[in-house]
Amino acid sequence: MNIIIGGAAGDGMETIAHLLAKALVREGYGVLTTKDYMSRVRGGHNFSLLRVEAETPRASAATADILVALNEETFLLHREKLLPRGRIVFDPELFSLPAADDRGLPVKLRTLALAAGGKIMANTVAIGAVLSVLGLKPAAAVRLLAETFAPDTAQQNTAALLAGHEAAAKLCGTCFTMPPKSFEGPSIFLDGNQALGLAALASGCRFLSAYPMTPSTGIFSYLAGKQAEFGLVVEQAEDEIAAVNMALGASFAGVRAMTCTSGGGFALMAEGLSLAGMTETPLVIVVGMRPGPATGLPTRSEQGDLNFVLYAGHGEFPRAVLSATHLEDAFYRLNKAFDLADKYQMPVIFLSDQYFADTARAIPPYDFTRLRCERYLAGAENLVRPYKRYRLTDDGLSPRALPGQFPEETVLADSDEHDEDGHIIEDAATRGLMVSKRLRRLEALAAEMDEPELYGHPEPEILLLGWGSTYGILREAIETLRASHHRAALLHFRDLWPLPSAMVTKLLPLAKISFCAENNATGQFAGLLRRETGLTVDHKILRYDGRPFDSGEIVREVLKNV
Amino acid sequence: MNIIIGGAAGDGMETIAHLLAKALVREGYGVLTTKDYMSRVRGGHNFSLLRVEAETPRASAATADILVALNEETFLLHREKLLPRGRIVFDPELFSLPAADDRGLPVKLRTLALAAGGKIMANTVAIGAVLSVLGLKPAAAVRLLAETFAPDTAQQNTAALLAGHEAAAKLCGTCFTMPPKSFEGPSIFLDGNQALGLAALASGCRFLSAYPMTPSTGIFSYLAGKQAEFGLVVEQAEDEIAAVNMALGASFAGVRAMTCTSGGGFALMAEGLSLAGMTETPLVIVVGMRPGPATGLPTRSEQGDLNFVLYAGHGEFPRAVLSATHLEDAFYRLNKAFDLADKYQMPVIFLSDQYFADTARAIPPYDFTRLRCERYLAGAENLVRPYKRYRLTDDGLSPRALPGQFPEETVLADSDEHDEDGHIIEDAATRGLMVSKRLRRLEALAAEMDEPELYGHPEPEILLLGWGSTYGILREAIETLRASHHRAALLHFRDLWPLPSAMVTKLLPLAKISFCAENNATGQFAGLLRRETGLTVDHKILRYDGRPFDSGEIVREVLKNV
Amino acid sequence: MCKAADYLKEETAWCPGCGNFAIRQALAEALAELCLPPHRVLMCSGIGQAAKMPHYIRVSGFNGLHGRALPPATGARVANTSLTVIVESGDGDSYGEGGNHFIHTVRRNPHLAHFVHNNQVYGLTKGQASPTSELGMKTGVQTGGVISPPLNPLALALIMGAGFVARCFSGEKEHLKETMKAALVFPGYALVDILQPCVTFNKLNTYAWYKTRVYPAEGHNTSDWMAALSLSRQWGEQIPLGIFYSVPRPTFESQLPALEGEPLALRPFSPLDVARAQDEFR
Amino acid sequence: MCKAADYLKEETAWCPGCGNFAIRQALAEALAELCLPPHRVLMCSGIGQAAKMPHYIRVSGFNGLHGRALPPATGARVANTSLTVIVESGDGDSYGEGGNHFIHTVRRNPHLAHFVHNNQVYGLTKGQASPTSELGMKTGVQTGGVISPPLNPLALALIMGAGFVARCFSGEKEHLKETMKAALVFPGYALVDILQPCVTFNKLNTYAWYKTRVYPAEGHNTSDWMAALSLSRQWGEQIPLGIFYSVPRPTFESQLPALEGEPLALRPFSPLDVARAQDEFR
Ligand SMILES: Cc1ncc(C[n+]2csc(CCOP(=O)(O)OP(=O)(O)O)c2C)c(N)n1
Ligand SMILES: Cc1ncc(C[n+]2csc(CCOP(=O)(O)OP(=O)(O)O)c2C)c(N)n1
Ligand code: SF4
Ligand code: SF4
Ligand SMILES: [Mg+2]
Ligand SMILES: [Mg+2]
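Residues numbered from 1 in each chain as written. Chains lettered and ligands numbered in written order. Predicted model: local features only at pLDDT ≥ 70, side-chain atom pairs only at ≥ 80, totals over all residues. Heavy atoms only, no water.

### Points about the overall build of chain C
Now for step 1: Looking only at helices and strands, one finds 8 helices and 8 strands in chain C.
Now for step 2: Referenced to the eigenvectors of the C-alpha coordinate spread, the extents of chain C come out at roughly 70 × 40 × 40 Å.
Now for step 3: Counting across all 282 residues of chain C, residues that qualify as buried make up 68%.
Now for step 4: Considering only residue pairs separated by 6 or more positions, chain C has 71% of its internal contacts joining residues 24 or more positions apart. (Helix = DSSP H or I, 4+ residues; strand = E, 2+ residues; numbered from the N terminus. Buried < 20%, exposed > 50% of the residue type's maximum accessible area, 1.4 Å probe, protein only. Contact = heavy atoms within 4.5 Å.)

### As for the nonpolar core
Now for step 1: Grouped together as the largest cluster of nonpolar side chains are 219 residues, with contacts concentrated most on Leu465 of chain A, Leu465 of chain B, Phe102 and Leu156 of chain C together with Phe102 and Leu156 of chain D.
Now for step 2: Setting aside residues up to four positions removed in sequence, Leu156 of chain D forms contacts with Ile103, Leu156, Ile159 and Met160 of chain C together with Phe102, Ile103 and Leu151 of chain D. (Core = buried A, V, L, I, M, F, W, Y, C linked by side-chain atoms within 4.5 Å.)

### Observations concerning the sheet that holds strand β20 (residues 513–518) of chain B
Residues and elements named next belong to chain B.
Now for step 1: Here 5 strands make up an open sheet; going across it, the order is β16-β18-β17-β20-β21 and the pairing mixed. At either margin of the open sheet sits one strand with a lone partner, and together these are β16 (453–456) and β21 (539–542). Averaged over all pairs of adjacent strands, the angle between their axes in this sheet comes to 25°, without regard to strand direction.
Now for step 2: Alignment of strand β17 (residues 462–467) against strand β18 (residues 488–493), held across 6 bridges, turns out to be parallel. Within β18, the position partnered with Gly466 by the bridge is His492.
Now for step 3: Across the sheet, helix α18 (residues 524–533) lies against β17, β18, β20 and β21, angled at about 125° from β20, the strand it touches most. (Pairing = 2+ DSSP bridges. Axes fitted to C-alpha atoms, helices over the stretch in contact; angles between N-to-C directions.)

### Re the site of ligand 2
Now for step 1: Taken together, 22 residues lie near ligand 2, and Glu240 of chain B together with Gln49, Asp91, Asp93 and Gly123 of chain D sit nearest.
Now for step 2: In this structure, an oxygen atom belonging to ligand 2 sits 2.8 Å away from a main-chain N or O atom of Gln49 of chain D.
Now for step 3: The separation between an oxygen atom of ligand 2 and a polar side-chain atom of Asn119 of chain D is 2.9 Å.
Now for step 4: Across the complex, the protein chains shield 98% of the 590 Å² of accessible surface that ligand 2 would expose by itself.
Now for step 5: For the shell around ligand 2, the element with the highest residue contribution is helix α3 (residues 91–97) of chain D, accounting for 4 residues. (Near = heavy atom within 4 Å. Polar contact = N/O pair within 3.5 Å; in protein donor to acceptor, adjacent residues only side chain to side chain. Areas by Shrake-Rupley, 256 points an atom, 1.4 Å probe, with all protein chains shown as cover.)

### Some words on the side chain of Thr251 of chain C
Now for step 1: Position of Thr251 of chain C relative to the elements: it lies in the segment after β8 (239–246).
Now for step 2: Excluding its chain neighbours within four sequence positions, the residues that come into contact with Thr251 of chain C are Arg108, Asn109, Pro187 and Gly188 of chain C.

### Quick notes on the coordination of the magnesium ion (ligand 5)
Residues and elements named next belong to chain C.
Now for step 1: The coordination sphere of the magnesium ion (ligand 5), as far as protein atoms go, consists of Asp91 (OD), Asn119 (OD1) and Val121 (O), spread over 2.0 to 2.2 Å.
Now for step 2: One chain supplies every donor for the magnesium ion (ligand 5), spaced along it as D-x27-N-x1-V. Here the residue Asp91 occupies a position in helix α3 (residues 91–97), and Val121 occupies one in the loop between β4 (112–118) and α5 (153–159), the gap between them amounting to 30 residues. Accessibility classification places Asp91 together with Val121 in one group, the buried group. (Donors = N, O, S within 2.8 Å, 3.2 Å for Na, K, Ca; no water.)

### So, the interface of chain A and chain B
Now for step 1: On the side of chain B, 62 residues touch chain A, which itself brings 62 residues to the contact.
Now for step 2: Where chain A packs against chain B, one counts 4 salt bridges.
Now for step 3: Among the ionic pairs, Glu302 of chain B bridges to Arg431 of chain A, the shortest N-O distance being 2.8 Å.
Now for step 4: Only α11 (263–279), α12 (306–311), α15 (428–447) and α18 (524–533) of chain A provide two or more residues apiece to the side of chain A that touches chain B.
Now for step 5: In terms of residue count, the dominant contributor to the side of chain A that touches chain B is α11 of chain A (10 residues).
Now for step 6: Of the residues belonging to the side of chain A that touches chain B, the class tally is 23 nonpolar, 23 polar and 16 charged. (Salt bridge = Lys/Arg side-chain N within 4 Å of Asp/Glu carboxyl O. Nonpolar A, V, L, I, M, F, W, Y, C, P; charged D, E, K, R; others polar.)

### Here we look at the packing of helix α10 (residues 240–253) of chain A against α11 of chain A
Residue and element names in this part refer to chain A.
Now for step 1: Two numbers describe how α10 lies on α11: the axes approach to 8 Å, and their chain directions differ by 30°. Relative to α11, the element α10 lies roughly parallel. Where α10 crosses over α11, the two elements pack in a sense that is right-handed. Side by side, α10 and α11 meet where Glu240, Ile241, Ala243, Val244, Asn245 and Leu248 of the first sit next to Gly265, Leu268, Met269, Gly272, Leu275 and Ala276 of the second.
Now for step 2: Of the residues that constitute the contact of α10 with α11, the class distribution is 8 nonpolar, 3 polar and 1 charged. (Parallel < 35°, antiparallel > 145°, perpendicular 65-115°, else oblique. Left-handed = near helix turned anticlockwise from the far one by under 90°.)

### Section: the coordination of the magnesium ion (ligand 6)
Residues and elements named next belong to chain D.
Now for step 1: Distances from the magnesium ion (ligand 6) to its protein donors, namely Asp91 (OD), Asn119 (OD1) and Val121 (O), fall within the range 2.0 to 2.2 Å.
Now for step 2: Summarised as a motif, the one-chain spacing of the donors to the magnesium ion (ligand 6) is D-x27-N-x1-V. With Asp91 in helix α3 and Asn119 in the loop between β4 (112–118) and α5 (153–159), the pair connects residues that are 28 residues apart, well separated along the chain.

### Some words on the domain arrangement of chain A
Now for step 1: Here the domain parsing of chain A yields domain 1 (2–172), domain 2 (189–370), domain 3 (377–448) and domain 4 (453–561).
Now for step 2: Taking only C-alpha atoms into account, the centre of domain 1 of chain A sits 58 Å from that of domain 3 of chain A. (Domains from an automatic or database assignment.)

### Details of the site of ligand 3
Now for step 1: Surrounding ligand 3, one finds Val41 of chain A together with Trp14, Cys15, Cys18, Gln49, Asn119, Gln196, Cys198, Val199, Thr200 and Phe201 of chain C.
Now for step 2: Lying at an intersection of chains, ligand 3 is approached by residues of chains A and C.

### Some words on the environment of Lys108 of chain B
Residues and elements named next belong to chain B.
Now for step 1: Structurally, Lys108 can be placed in the loop between β6 (104–106) and α3 (109–116).
Now for step 2: Among the residues examined, Lys108 registers a relative accessible area of 43% and is labelled partly exposed.
Now for step 3: Each C-alpha atom of the pair Lys108 and His314 lies 60 Å from the other, and the pair is 206 residues apart in sequence.
Now for step 4: With residues up to four places along the chain from it excluded, the contact list for Lys108 reads Asp91, Pro92 and Glu93.

### A short note on the interface of chain A and chain C
Now for step 1: With 20 residues of chain A at the interface, the matching set in chain C holds 27 residues.
Now for step 2: Across the chain A to chain C interface the summed buried area is about 1700 Å²; carbon plus sulfur atoms make up 54%.
Now for step 3: Counting the contacts that link chain A with chain C gives 0 salt bridges.
Now for step 4: Scanning the region where chain A abuts chain C turns up 8 residue pairs in polar contact (both at pLDDT 80 or more). (Buried area = accessible area lost by both parts, 1.4 Å probe.)

### As for unusual backbone geometry
Now for step 1: For the bond running from Arg385 of chain A to Pro386 of chain A, omega is -5°, close enough to zero to count as cis.
Now for step 2: Its location among the elements puts Pro386 of chain A in the loop between β14 (360–363) and β15 (412–414).
Now for step 3: Each neighbour pair has its own omega, and for Thr214 of chain B with Pro215 of chain B the value is 5°, a cis peptide bond.
Now for step 4: Considering the arrangement of structural elements, one finds Pro215 of chain B in the loop between β8 (205–210) and α8 (217–224).
Now for step 5: Positive phi values are uncommon outside glycine, yet Ala294 of chain A reaches one of about 50°.
Now for step 6: Tracing the backbone through its elements, the reader meets Ala294 of chain A in the loop between β11 (283–289) and α12.
Now for step 7: A residue is classified by how much of its surface remains accessible, and Ala294 of chain A, at 4% relative accessible area, is buried.

### Topic: the packing of helix α7 (residues 192–202) of chain B against α8 of chain B
Residues and elements named next belong to chain B.
Now for step 1: Where α7 contacts α8, the axes come no closer than 8 Å and their chain directions differ by 45°. Taken together, α7 and α8 sit at an angle that is classed as oblique. α8 is crossed by α7, and the crossing has right-handed handedness. Contacts between α7 and α8 involve Asn193, Leu196, Gly197, Leu198, Ala200 and Leu201 on the former and, on the latter, Gly218, Ile219, Tyr222 and Leu223.
Now for step 2: Grouping the amino acids of the contact of α7 with α8 by side-chain chemistry returns 7 nonpolar, 3 polar and no charged.

### Quick notes on the state of the cysteines
Now for step 1: What the rule picks out here adds up to 4 disulfides over all chains.
Now for step 2: Across a sulfur-sulfur distance of 1.4 Å, Cys172 of chain B and Cys175 of chain B are joined as a disulfide pair. Judged by the sign of its S-S torsion, about -65°, the bond between Cys172 of chain B and Cys175 of chain B is left-handed.
Now for step 3: Looking at Cys172 of chain B, the relative accessible area reads 19%, which means it is buried.
Now for step 4: Disulfide partner of Cys2 of chain D: Cys35 of chain D, at an S-S distance of 1.8 Å. For the disulfide bridge between Cys2 of chain D and Cys35 of chain D, the dihedral angle about the S-S bond is near 60°, and by the sign convention the bridge is right-handed. One end of the pair, Cys2 of chain D, is in the segment before α1 (20–34); the other, Cys35 of chain D, is in the loop between α1 and β1 (41–45), with 33 residues separating them in the sequence.
Now for step 5: Overall, Cys2 of chain D belongs to the partly exposed group, its relative accessible area being 26%.
Now for step 6: This cysteine, Cys260 of chain A, is not joined by any disulfide, and Cys205 of chain A carries the nearest cysteine sulfur, 9.3 Å off. (Disulfide = S-S within 2.5 Å.)

Written out as structure tokens, the structure reads:
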């Protein structure tokens with residue numbers, strides 16, 4: 001069951017989509033929503049896609065069963081996607097459908113909203129109408145309204161919802177039969193940014209300094225809302241340079257700290273990243289990618305910053321790069337980012353993107369007992385005195401103490417090349433020792449990288465490579481291919497650097513044909529793979545118009561070449 | 001003939017080395033000087049290496065014939081390098097040599113300087129002494145003093161010089177026989193930064209905005225000194241972000257503009273680089289590399305920022321990366337950078353490093369008729385109206401007009417994704433067209449890249465790869481290898497991106513063994529080569545202690561493996 | 001002869017009722033009254049709602065990065081002194097991300113008019129506090145309310161040595177237009193901080209809030225720096241509007257010997273002209 | 001009990017005669033007189049001659065990037081309010097590269113003492129102009145002399161709302177030491193701008209130049225903002241020294257509810273403590 005809800009920015013599509021989705025989740029369905037919105041606050045055209053299945057879907061569909069058109073433009077832009085047996089919820093007082101189109105379900109959204117207390121509630125009316133069309137009772141949604149709004153507002157909205165439900169019921173009773181419910185147990189419904197915010201909170205992040213930038217602002221505001229209750233500090237910095245340097249200061253002084261931004265803000269953090277590398281200060285940076293260069297398409301998605309985060313910052317220093325593939329995994333993976341940052345005393349970059357950030361799904365609740373929160377700090381019992389921040393060790397890891405932690409032991413971090421004490425040096429010998437000390441940490445780090453997930457045939461002839469947020473879409477493509485008896489599999493990377501290459505080195509040479517699908521124009525991951533392993537993928541499937549892949553186009557590209 | 005001149009910062013080694021070198025150049029010798037200095041203004045230990053041959057040498061030597069020790073530390077640090085038949089010029093009133101060391105030439109530098117007018121001229125006394133030791137007349141040096149200083153100071157310095165000459169003459173007459181002079185015609189003597197400054201000036205650069213940062217400051221101050229005479233503007237920006245954005249504004253409005261910095265400053269320019277990419281604004285950025293990460297070793301050398309400049313900036317956009325290999329080439333290559341920036345309307349990064357910047361050599365004068373200075377601007381004759389800054393064309397190049405150039409035709413550059421007019425767009429189709437338009441320019445650009453220079457055997461068994469400022473040193477290593485009958489060659493890259501790969505693709509598979517020598521710890525160029533061609537070099541020779549290679553160590557590494 | 005309508009173009013993407021509309025209109029009228037040829041006006045902007053202006057006014061434009069409107073404007077003035085340069089920017093753009101450029105551009109004093117749409121909020125990114133947001137203002141990020149006192153852009157500009165400092169209100173369009181004209185012709189850096197209601201995100205500083213507070217600073221001597229400072233520091237129940245200070249000092253451009261004569265961008269050049277520069281290395 | 005010598009370490013790399021020596025000595029004495037335990041003092045610095053201080057004073061240190069001393073200092077205060085935080089920086093570091101952090105840190109008002117070694121020049125990079133260099137000063141880059149008027153850090157800090165603003169001279173060590181002590185204990189952001197001769201590169205503002213000009217601002221009321229502003233703007237023949245302003249306002253830390261109680265860095269934590277946070281998504 002697929003629903004498109006569209007209108008102008010400010011019409012409140014987000015609210016409709018969210019309330020509707022959550023009501024369906026509460027009913028026990030598996031729900032996914034994605035957002036497509038413009039970089040403006042009012043007007044233009046925004047829409048949400050809502051997909052409802054027995055099991056929570058992993059990608060939205062290319063066609064729709066229901067179109068909620070809050071204005072005529074929405075109808076014009078999306079009517080092609082609506083199936084012949086589909087239905088259009090619209091306000092007949094706003095526009096009318098062409099005579100030939102018999103899919104309309106005219107509901108006087110505005111008039112009914114006004115009657116319920118204000119035209120702002122037109123979208124609540126629409127929710128009611130959709131629920132009715134789906135043959136569902138309004139009860140779950142009404143409960144949600146009560147939880148969301150103050151009593152007065154909730155009451156008005158309830159009236160609006162019921163009015164919509166009733167009006168639509170008159171038009172077609174149950175137009176659709178819902179899929180069966182098979183979702184087990186209680187579930188949570190949240191989007192990528194919320195999952196990352198929750199993961200940071202649960203990983204003991206005590207300080208977030210950031211500067212607003214789409215699509216990462218959701219993490220920022222999520223955590224801001226938790227400050228008082230959970231004892232953390234969220235500060236809006238004057239710019240991204242301050243953001244990263246504040247986080248470094250906080251981390252050095254002893255709390256888990258992070259910053260979040262998009263590519264443009266990350267560009268301003270490149271110098272600070274290098275500082276984290278030199279001072280061996282733990283730091284987590286979430287980069288929510290959007291199409292560049294420069295301002296680009298601020299509210300769209302791309303995987304265009306992989307190379308940039310791999311090599312950003314002057315000089316050579318180790319870092320880890322992890323990515324968000326899907327909600328079930330990303331929560332634990334961001335926790336892993338915090339763990340690695342502390343354990344290896346280095347910056348860890350977590351790559352997300354607008355598609356991941358703004359896609360919400362119903363999933364089983366997270367298991368907080370799986371989270372790690374060790375700080376890996378020097379203990380009084382084994383402290384070698386005098387304390388030296390950069391003591392040379394076999395694995396390159398120097399015991400980390402905090403300023404103020406041990407009486408009489410000062411802790412000095414330095415951005416210049418330094419000796420074990422942290423003091424400036426210029427001699428060649430110490431320089432050499434310190435460079436290799438820093439880089440040596442890569443060895444143990446590499447062993448912590450998760451190999452990519454293999455989904456599909458264990459000995460694939462058709463090997464599809466992917467990374468990051470395309471996971472759900474590519475998985476669906478593999479399902480389609482396997483359904484037509486292809487020996488196909490997806491090898492999907494979530495830990496990106498140091499590149500875990502055992503599986504791909506085994507599988508790629510055995511495959512008849514290989515593809516790498518990326519949301520960028522130059523095939524950055526394929527390039528990384530070749531640099532690291534010498535392996536060349538046969539075909540790149542690239543999309544760079546700011547929109548997510550559609551699994552159908554992946555399947556078509558694959559079939560064109562096999 | 002090799003001379004080491006060492007002392008504390010502030011002792012004026014630079015002045016000695018420069019005056020001495022220039023005097024020798026005027027005499028008709030081929031001279032090279034390099035600098036090794038600390039990140040401090042007074043004290044510590046700095047030294048210069050001066051090498052004099054018939055033909056200008058391409059690298060300094062590992063041993064010395066003459067050691068000018070302005071303090072005892074210099075003697076202690078460098079006595080090992082001094083050949084048994086070498087000579088030490090020192091001030092016996094400052095320290096004394098061990099009884100066993102009979103290489104001393106004690107000259108009372110300070111006392112003689114005082115007598116000539118002030119102890120500050122101790123280094124001028126030392127120059128006189130060295131000239132005498134070399135069996136040279138003081139005339140050329142005296143003329144230089146007259147050109148350099150005001151009459152009074154010149155006269156005092158001349159007295160000091162002559163006193164030194166005389167004192168040394170008493171000690172050993174002619175201690176050394178100079179090599180023959182074979183240098184043809186008049187020559188110029190300058191260092192890398194001066195060559196780049198001169199190239200920028202001669203390329204019509206009319207605006208430089210920068211923020212001081214070693215080792216690029218020499219370019220900055222060189223050009224600053226030319227402002228009034230040659231009609232250009234040099235502005236010290238409040239930070240590197242302003243520097244790059246000012247340069248972009250100036251370039252957009254119609255002058256050739258550039259900025260220069262080191263890795264840390266470049267990190268702050270990454271966002272502006274991306275802006276240049278999106279707005280298709282010509283820009284030249286000279287990055288003088290020094291060892292990182294962070295502040296690192298501010299006055300030393302490294303080739304550690306190759307990957308960073310290749311991928312810096314969010315999003316995907318084309319750029320060119322060229323490098324400084326040696327003085328004879330770099331002058332014309334920076335001119336090429338300006339040409340490419342204008343022709344392809346994109347940022348061009350020119351990679352230099354401290355070693356290149358601070359090495360001075362005597363070379364034939366530059367041929368200014370070889371320089372290109374075409375602006376590639378739209379002309380009134382072929383202007384398509386209405387003017388559109390980002391008109392879609394086959395080669396991706398849109399005719400470039402300047403604001404104010406054509407009556408009624410406004411020119412709009414935009415950092416958001418845009419249409420041909422430069423207006424913000426968000427639709428997928430235009431986005432796709434603009435991404436490929438921008439990237440399409442890479443094709444023609446790639447054809448402009450110079451293949452690497454092959455030096456040595458045309459069908460090498462031993463293939464040594466290098467890039468940038470190591471040229472002279474690697475070339476010397478090849479000479480040594482060939483002298484011992486190895487079929488060895490150097491394939492040295494100067495244009496780095498788009499990577500010109502025809503020759504290496506041909507030669508590398510034919511070689512028995514290959515090496516890539518880089519001044520960094522991770523073999524960045526070798527990685528790039530593999531990413532672009534799939535070719536793997538057999539061995540990496542890496543040095544990352546901030547010091548240049550010595551050709552001997554390259555030879556040893558090679559021989560260890562063949 | 002010149003008409004305001006000729007300077008307007010494209011549909012805007014602002015919210016209905018936004019204060020930016022009046023600013024745009026005032027600007028078009030100011031340009032028309034000065035009859036500046038559109039192709040010779042260069043509008044530099046950053047990113048934000050205000051910074052979209054180059055898409056809505058028909059002049060040449062360089063719509064750069066968030067916070068970075070002033071540096072390219074300065075560079076452009078160096079390249080071509082025959083261009084009239086305008087910087088259109090928001091309070092976040094100019095005083096937050098771009099704060100360092102703001103203070104140093106004031107010192108540098110290039111001839112450009114800097115129009116800041118000060119809505120005391122981050123509009124485009126949906127309502128976070130800006131450096132000029134009032135204490136206590138709650139937002140999605142400042143969930144406990146703003147705790148850092150607002151930055152006073154006019155006082156700051158005065159302290160940094162600005163020659164022209166004015167405050168306007170988008171609801172007083174005539175005054176705004178006249179002030180813009182004065183800023184455009186002022187020889188040097190000219191700051192016009194324009195109070196601009198953001199009807200969507202700023203529920204504190206609304207049209208009504210401003211309307212009841214603003215008043216014209218009449219009879220004020222615009223060459224009295226202390227008086228200007230004191231006007232600029234008035235805020236709260238009474239907010240004065242007007243040109244607080246207008247005293248030219250040497251511009252950046254006028255102190256650069258290379259800029260005497262024809263604009264740099266228009267001068268012919270040949271590498272041979274500078275061949276003599278290598279003589280010093282002989 | 002505490003001795004200044006205990007706070008000194010390592011050889012310095014400054015030029016003989018540099019004003020930084022006296023600043024270092026004054027700081028060691030101030031720390032000793034306040035008897036602050038070295039490991040609980042955190043000195044943040046940028047890059048420059050002044051910024052080398054963490055290598056020469058025995059306290060904990062974070063020697064970060066050029067221009068970026070204030071943000072890590074703020075972050076460190078959030079992480080651990082039991083640390084005494086000092087920022088040691090140069091005029092280029094604090095007012096040039098770091099200008100934006102300067103103005104916004106003043107607004108934010110974290111409890112830290114900001115000591116700026118104002119030698120009116122870029123020392124470490126060999127003598128270019130800094131934002132405080134005098135008009136007309138010639139350097140290797142400002143070959144025609146400085147053309148932008150110097151930035152007045154004290155006036156700027158006052159305008160931005162600083163609670164503590166002082167000017168010292170490295171040649172008046174006792175006064176410097178006492179002022180440092182006052183800044184260290186002041187609850188909030190405290191700026192001490194220290195006139196510091198750079199004997200190598202600044203041939204204009206020499207010891208003698210300062211010596212003949214500086215005088216103690218006596219009988220001044222440190223809670224009179226206007227008087228403070230006017231003192232801060234005195235420059236030229238007569239340069240007042242002293243604490244010009246000292247009036248606390250709520251600090252950044254005191255307004256953050258999460259910071260009540262034990263320092264953040266010392267609080268135990270388990271992911272299970274926050275498991276309830278996911279309930280809102282059910
Ligand atoms: C480096 C960078 N950081 C953040 C952003 C996101 N961003 C775009 S506009 C904006 C704030 C706009 O506020 P303001 O300048 O006040 O303009 P307004 O929208 O209120 O007119 C931000 C934070 C960006 N584009 N670039
Ligand atoms: C991003 C960056 N840009 C430039 C530099 C080079 N740099 C180091 S110190 C310095 C200026 C120092 O001046 P100031 O802060 O006044 O300190 P001083 O040496 O005078 O004490 C500069 C420009 C740098 N390290 N990092
Ligand atoms: S969000 Fe505010 S500033 Fe932006 S267009 Fe809407 S009303 Fe105007
Ligand atoms: S250069 Fe100036 S500031 Fe730096 S140490 Fe020398 S005298 Fe001091
Ligand atoms: Mg704003
Ligand atoms: Mg200084």
